[in-house]
Structures are given as C-alpha cells and as structure tokens.
Amino acid sequence: MTEAQPVIRQVSSRVVYRNAWMTVREDAIERPDGSPGLYGYVVRPDFVLIVPEEDDGFHIVEEYRYPIGRRSWSFPQGMAEADTREDEARRELLEETGLRADRLRHLGRMDNAHGMTDQGLHVYLATGLTKGEPRREHTEQDMRQRWVHRTEFEQMILDGAVSDSSSVAAYMLWRLRRA
C-alpha cells in the first residue's frame with residue numbers, strides 16, 4: 001500500500017450530526033487547483049466480520065436492515081466491546097451465532113465505503129467451530145442463522161440474497177487467501 005500526501009486540503013471541519021453510533025462531519029476543502037468544495041462523511045469505528053467456515057460451507061445470519069428496508073443474509077459482523085480485534089471477533093461470533101472458534105485467522109483489513117466513511121472492517125476466518133446458544137443483543141432479536149454450502153452461498157450472492165458488500169468482499173478475500 002502506498003501512502004501519498006493528501007491532494008485535498010481540509011480548510012475547516014464541523015460536526016453536522018452525532019449519536020452513539022456515528023458522527024457526520026462536513027469539511028470545507030481546497031482542491032489541488034485551489035478551488036473550494038465541501039465534503040460530507042460519516043465517522044464510525046472499525047468493525048469485525050467473521051467468516052465461520054465448516055464442511056465446505058459457512059454459517060451466515062439474516063436480519064432486517066432498516067436502511068434498505070428488507071432482510072439480508074451476511075456473515076456475522078459488528079462492534080462488540082473487547083480488548084483486541086481477535087477478542088472482538090470471538091465475542092461477535094458467539095453473540096450472533098452461538099459458535100465458538102478454536103482458531104481465528106486474520107484475513108485482512110478493508111475500507112468499508114471509502115467515499116462515504118472512514119470506517120474499516122477487519123475480516124477473520126473462524127474454524128474448529130463448537131455450537132452453543134447465541135447471545136444476541138436486543139437489537140438483533142429478529143436475527144436468524146443457518147449453514148450454507150459454499151456453492152449455495154455463491155448463488156445467494158448472484159441472486160441478491162447476500163447483498164452486503166462487506167460479506168461479498170470478505171468472501172473474495174477468503175477465496176484469495178484460501179491456499
């Protein structure tokens with residue numbers, strides 16, 4: 001990864017909106033040619049996404065997603081409070097699926113939506129799974145889970161049942177790191 005000097009200069013910044021989960025900022029900027037502009041973006045903490053792999057398939061979860069107005073399948077993910085990212089991944093996996101992993105492998109970090117937010121996601125592969133009872137948060141009360149074979153998961157992506165871009169990107173990362 002190459003680090004470059006910013007080509008857009010921040011002139012000023014202000015908080016437009018804030019709640020417990022996010023902050024929306026609006027920055028006055030100056031482009032390389034000196035022209036002014038505005039840039040609005042969401043500030044959110046990074047989150048973890050877990051790919052729970054078992055028997056050539058995955059454990060996935062489904063819940064109603066208010067911003068898109070429908071249910072959607074995805075890999076377990078979220079921002080559980082923990083000391084380390086690995087502990088966060090273990091806790092999030094347990095909360096949403098009841099699964100415990102003998103092994104967690106960090107597959108990589110990605111930008112969530114780099115044109116709209118500074119938030120990133122840390123992808124973990126979970127293997128050596130032991131089943132248990134989910135410990136879902138109140139906001140996850142409608143969540144369902146199931147195991148799907150890898151080929152079914154791919155078809156779910158093609159059919160739009162898995163439309164979460166983070167899950168699709170994590171699947172690609174899993175495939176690339178599979179060797």
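(A) Broad picture of the overall build of the protein. Within the protein, the secondary structure is distributed over 3 helices and 10 strands. Among the 179 residues that make up the protein, the fraction classed as buried is 37%. Long-range contacts, defined here as pairs at least 24 residues apart, represent 57% of the contacts in the protein between residues at least 6 apart. Accessible surface, the protein: about 10900 Å² in total, of which carbon and sulfur atoms supply 51%. Averaging the positions of the 25 positive and the 31 negative side-chain charges in the protein gives two centres separated by 1 Å.

(B) Fine view of the sheet that holds strand β2 (residues 23-30). The 3 strands are arranged β1-β2-β3 in an open sheet whose pairing can be described as antiparallel. Every other strand in the sheet has two partners, leaving β1 (9-18) and β3 (36-43) as the edge strands with one partner each. The mean angle between the axes of side-by-side strands here comes to 20°, regardless of whether they run parallel or antiparallel.

(C) Geometry of the packing of aromatic side chains. Enumeration according to the criterion identifies 8 aromatic pairs in this entry. Pairing Tyr39 with Tyr41 gives two aromatic rings, centres 6.5 Å apart and planes at 55°, and the pair type is tilted. Taking the centre distance of 5.4 Å and the plane angle of 80° together, the rings of Phe58 and Phe75 count as edge-to-face. With Phe58 in strand β5 (residues 57-65) and Phe75 in the loop between β6 (70-74) and β7 (77-78), the pair connects residues that are 17 residues apart, well separated along the chain.

(D) Representation of unusual backbone geometry. Positive phi outside glycine occurs at Asp55, with the angle close to 55°. For Asp55, the location among the structural elements is in the loop between β4 (47-54) and β5. For Asp56, which is not glycine, the phi torsion reads 60° and is therefore positive. By relative accessible area, which is 32% here, Asp56 ends up partly exposed.

(E) Highlighting helix α1 (residues 85-97). In this model α1 runs 18 Å from its N-terminal to its C-terminal C-alpha over 13 residues, within 8% of the 18 Å that 1.5 Å per residue would give. When we look at burial in α1, the residues that qualify are Glu88, Ala89, Glu92, Leu93, Leu94, Glu95, Glu96 and Thr97.

(F) Up close: the packing of helix α2 (residues 150-159) against helix α3 (residues 165-177). Interhelical geometry of α2 versus α3 gives an angle of 140° and a closest axis separation of 11 Å. Comparing their axes, α3 and α2 come out oblique. As α2 runs across α3, the sense of the crossing is left-handed. From α2, Arg150, Phe153, Glu154 and Ile157 reach across to α3, where they touch Val168, Tyr171, Trp174 and Arg175. Here the residues of the contact of α2 with α3 are counted per class, giving 5 nonpolar, no polar and 3 charged.

(G) Region of interest: the nonpolar core. Ranked by size, the top nonpolar core spans 20 residues in total, and within it Val51, Phe58, Ile60, Phe75, Val123 and Phe153 carry the most contacts. Elements supplying a minimum of two residues to this core: β4, β5, β8 (100-111), β9 (120-130), α2 and α3. Of the residues forming this core, the biggest block, 4 residues, is contributed by α3. The contacts of Val51, once residues within four sequence positions are left out, are Phe58, Phe75, Val123, Tyr124, Leu125, Ala126, Ala170 and Trp174. In this structure, Val48, Ala89, Ala101 and Leu104 belong to the second largest nonpolar core, which totals 10 residues.

Parameters at a glance
- Residues numbered from 1 in each chain as written.
- Predicted model: local features only at pLDDT ≥ 70, side-chain atom pairs only at ≥ 80, totals over all residues.
- Heavy atoms only, no water.
- Helix = DSSP H or I, 4+ residues; strand = E, 2+ residues; numbered from the N terminus.
- Buried < 20%, exposed > 50% of the residue type's maximum accessible area, 1.4 Å probe, protein only.
- Contact = heavy atoms within 4.5 Å.
- Areas by Shrake-Rupley, 256 points an atom, 1.4 Å probe, with all protein chains shown as cover.
- Lys, Arg positive; Asp, Glu negative; His and termini not counted.
- Charge placed at Lys NZ, Arg CZ, Asp CG, Glu CD.
- Pairing = 2+ DSSP bridges.
- Axes fitted to C-alpha atoms, helices over the stretch in contact; angles between N-to-C directions.
- Phe/Tyr/Trp six-rings, centres within 6.5 Å; stacked < 30°, edge-to-face > 60°.
- Expected span 1.5 Å × (residues − 1).
- Parallel < 35°, antiparallel > 145°, perpendicular 65-115°, else oblique.
- Left-handed = near helix turned anticlockwise from the far one by under 90°.
- Nonpolar A, V, L, I, M, F, W, Y, C, P; charged D, E, K, R; others polar.
- Core = buried A, V, L, I, M, F, W, Y, C linked by side-chain atoms within 4.5 Å.

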